Each structure stands twice: as structure tokens, then as C-alpha cells.
Amino acid sequence: MQTNDPNKLEVTVADGRRMTLSLPATDAKWAADGIRGLRPVPPTHTGHGEEPPALPERPALPLDVALLGLGA
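Below is a summary of the structure that appears in this document.

Definitions and cut-offs
- Residues numbered from 1 in each chain as written.
- Predicted model: local features only at pLDDT ≥ 70, side-chain atom pairs only at ≥ 80, totals over all residues.
- Heavy atoms only, no water.
- Pairing = 2+ DSSP bridges.
- Helix = DSSP H or I, 4+ residues; strand = E, 2+ residues; numbered from the N terminus.
- Salt bridge = Lys/Arg side-chain N within 4 Å of Asp/Glu carboxyl O.
- Buried < 20%, exposed > 50% of the residue type's maximum accessible area, 1.4 Å probe, protein only.

This paragraph deals with the pairing of strand 2 (residues 18-22). Note that strand 1 (residues 8-12) and strand 2 share 5 bridges and pair antiparallel. Across the sheet, the residue bridging to Glu10 is Thr20, located in strand 2. Counted between consecutive antiparallel strands, the loop separating strand 1 from strand 2 contains 5 residues, among which Gly16 sits at a positive phi close to 100°.

Next up, the structure:
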């Protein structure tokens, strides 16, 4: 992590991508420390879950029926 700018945080993730978080100036007391108030949190999930089931095959609607749904 690089923290040269007190309002900007740059991180390079494991696969080489770079991510930047910028915080705008604010009067909020909870954000008074800027990025120094942030801390790293380990990921809760890695990878992808199961693929969703495929959509059922349905025949295409005729054009006049499809247009009825559009209020034409």
C-alpha cells in the first residue's frame, strides 16, 4: 500500500491490478483521519460460486403480442 497523499490510497492486488481509493474533504468527525482511519480487511470469499441454472427455453413471442407489452 502507498499512502503518500493523505486522501488517496493505492493498492496492487495479487493478480496485478491496481486499485485507488480517494476520499473527498469532509467535516464529518468519523472521517477526520482520512485514509489513516481505514484498515485492511481480509476477503470473506474467494473465487466464484456455482453457476446459476440456465433459463428455460421458451418460444419467441409474435411481434404483435410483444408490442402489446410496450403499450403500442
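Before going further, it helps to examine the pattern of salt bridges. Evaluated as defined, the whole model comprises 3 salt bridges. Glu10 serves as the salt-bridge partner of Arg18, at 3.1 Å between the closest nitrogen and oxygen. With relative accessibility at 60%, the residue Arg18 sits in the exposed group. With a shortest N-O distance of 2.9 Å, Asp15 and Arg17 are connected by a salt bridge. Looking at Asp15, the relative accessible area reads 53%, which means it is exposed.

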